[in-house]
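Single-letter residue listing:
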Amino acid sequence: MEKKNLDWANLGFGYMMADYRYVSNYKDGKWDDGEITTDANITLNECAGVFQYAQTCFEGLKAYTTEDGHIVCFRPDLNAQRMVDSCERLKMPVFPVERFIDAVEKVVKANEAWVPPFGSGATLYIRPYMIATNPVIGVKPATEYQFRIFVTPVGPYFKGGAKPLTIRVSDYDRAAPCGTGHIKAGLNYAMSLYPIVDAHEQGFDENMYLDPATRTKVEETGGANFIFITKDGKLVTPKSDSILPSITRRSLMVVAEKYLGMEVEHREVLLEELKDFAECGLCGTAAVISPVGKINDHGTEICFPSGMEEMGPTTKKLYETLTGIQMGKLEAPEGWVKVIV
Ligand code: PLP
Ligand code: COI
């Protein structure tokens with residue numbers, strides 16, 4: 001199978017139109033059989049629920065080429081389950097877990113030529129999503145939906161790859177208590193656009209959102225969870241009902257404990273204690289693990305001892321172990337790696 005002729009090593013995190021996508025439609029209370037198509041465009045009524053009341057949610061996962069030439073993806077069952085949770089909260093019909101995994105497999109297989117080669121530094125980003133498609137004008141759930149998956153080859157989410165990021169503490173909130181922060185609703189990202197553009201204009205890479213109720217606890221950024229390493233080598237990750245339960249973060253907690261013998265704490269993290277950590281990073285499918293060198297809290301800088309030049313040593317170990325598992329260099333825990341080709 002011949003690969004596309006792309007400059008794999010220099011891809012950014014952007015959309016490139018691949019050859020095939022998966023589509024399934026929901027009508028009269030059921031999903032159709034679904035199919036792979038070549039049509040990248042969607043034509044909808046002007047009053048479709050997705051346009052009026054943002055009834056949409058999505059997922060993000062990746063496919064990797066392993067050293068021995070297989071194409072695999074990482075824990076797609078957890079993405080499928082999180083999408084079930086998103087759909088339930090948004091009153092959308094659930095796309096069954098088994099069908100989600102099957103659709104991922106079909107769309108990756110169809111686009112094998114777009115899966116970056118092993119060692120290129122690039123991966124195939126897989127974007128499943130669901131939209132409300134029939135006209136809705138009173139505020140209520142739609143009755144018709146479309147589930148789609150497209151893929152696009154990507155490089156690092158943050159320009160500069162492993163160069164430590166500078167984050168600022170945001171004055172805006174990402175998610176309300178008892179709101180939708182714990183699911184992957186499109187609306188969560190719409191409301192993060194103003195603060196992220198503003199952060200970039202002010203010279204920061206990302207926003208650190210705090211808990212909206214007390215503004216004393218660390219939540220997450222617009223697209224990744226935080227990890228912290230204490231001076232005595234523990235992994236600490238913030239716990240809150242309004243944080244998106246990152247699959248990368250949940251996996252890192254296992255990697256830290258089972259592969260690296262570290263102590264792991266999943267608990268509330270106070271803004272006040274940031275200055276005591278040795279290392280900080282962002283984790284997510286897109287971000288993988290991106291080191292954070294500095295956090296700016298309204299002019300007060302918290303500089304981590306790991307500095308602004310390279311990833312901290314423990315973050316690096318976590319990064320190498322996780323990507324080693326994803327790329328098939330290290331043995332994965334049972335069920336983590338799904339072989340597609
Ligand atoms: N937090 C937010 C708000 C996200 O959008 C993402 C990306 O999916 C993550 C965290 C990381 O989650 P995961 O590791 O499942 O990709
Ligand atoms: C991901 O990591 O998959 C995300 O969805 C983060 C961002 C691109 C929204």
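Could you give me a rundown of the nonpolar core, with the residues and numbers involved?
If you look at the biggest cluster of nonpolar residues, it comprises 36 residues, and the most contacted ones within it are V104, V108, I126, M130, Y145, F147 and I149. Contributions of two or more residues to this core are made by β1 (21-27), β5 (61-65), β6 (71-74), α2 (76-89), α3 (97-110), β7 (123-132) and β8 (145-154). A per-element tally of this core places α3 first, with five residues. Among residues more than four places away in sequence, those in contact with M130 are W31, Q55, T56, C57, M83, C87, M92, P93, F95, Y145, Q146 and F147. With 22 residues, the next largest nonpolar core counts L271, F277, C280 and A287 among its residues.

Outline the site of ligand 1, listing residues and values.
Around ligand 1 sit 17 residues, and of these Y189, E220, S246, T248 and T285 come closest. Here an oxygen atom of ligand 1 and a side-chain polar atom of R82 are 2.8 Å apart. I247 places a main-chain nitrogen or oxygen 2.8 Å from an oxygen atom of ligand 1. When the free accessible area of ligand 1 is taken as 380 Å², the share hidden by the protein chains comes to 96%. Elements with a contribution of two residues or more to the shell around ligand 1: α6 (247-259) and β14 (279-284).

Which residues make up the site of ligand 2, and what values go with them?
Within the structure, ligand 2 sits among F58, G60, Y125, R127, Y157, K184, Y189, G223, T285 and A286. One of the backbone nitrogen or oxygen atoms of A286 is found 2.8 Å away from an oxygen atom of ligand 2. In terms of residue class, the shell around ligand 2 is built from five nonpolar, three polar and two charged.

Describe α2, and please don't skip the residues or the numbers.
Under the 1.5 Å per step criterion, the end-to-end length of α2 is 20 Å for 14 residues, consistent within 8% with the ideal 20 Å. Of all the residues in α2, the buried ones are P76, L78, N79, A80, R82, M83, V84, S86 and C87. K91 lies just past α2 and shows a positive phi near 55 degrees.

How would you sum up the side chain of T315? Please name residues and give values.
With respect to the helices, strands and loops of the structure, T315 is situated in helix α7 (residues 313-326). Apart from residues lying up to four places away in sequence, T315 is in contact with I229, E279 and I289.

I'd like to hear about the packing of α6 against α7, residue by residue, with values.
Packing of α6 against α7 brings their axes to within 10 Å, and their N-to-C directions diverge by 105 degrees. In terms of axis orientation, α6 runs roughly perpendicular to α7. Residues T248, S251, L252, V255, A256 and Y259 of α6 form the contact with α7, whose own contacting residues are L318, T321, L322 and I325. In the contact of α6 with α7, the residues fall into seven nonpolar, three polar and no charged.

Procedures and definitions
Residues numbered from 1 in each chain as written. Chains lettered and ligands numbered in written order. Predicted model: local features only at pLDDT ≥ 70, side-chain atom pairs only at ≥ 80, totals over all residues. Heavy atoms only, no water. Core = buried A, V, L, I, M, F, W, Y, C linked by side-chain atoms within 4.5 Å. Buried < 20%, exposed > 50% of the residue type's maximum accessible area, 1.4 Å probe, protein only. Helix = DSSP H or I, 4+ residues; strand = E, 2+ residues; numbered from the N terminus. Contact = heavy atoms within 4.5 Å. Near = heavy atom within 4 Å. Polar contact = N/O pair within 3.5 Å; in protein donor to acceptor, adjacent residues only side chain to side chain. Areas by Shrake-Rupley, 256 points an atom, 1.4 Å probe, with all protein chains shown as cover. Nonpolar A, V, L, I, M, F, W, Y, C, P; charged D, E, K, R; others polar. Expected span 1.5 Å × (residues − 1). Axes fitted to C-alpha atoms, helices over the stretch in contact; angles between N-to-C directions. Parallel < 35°, antiparallel > 145°, perpendicular 65-115°, else oblique.

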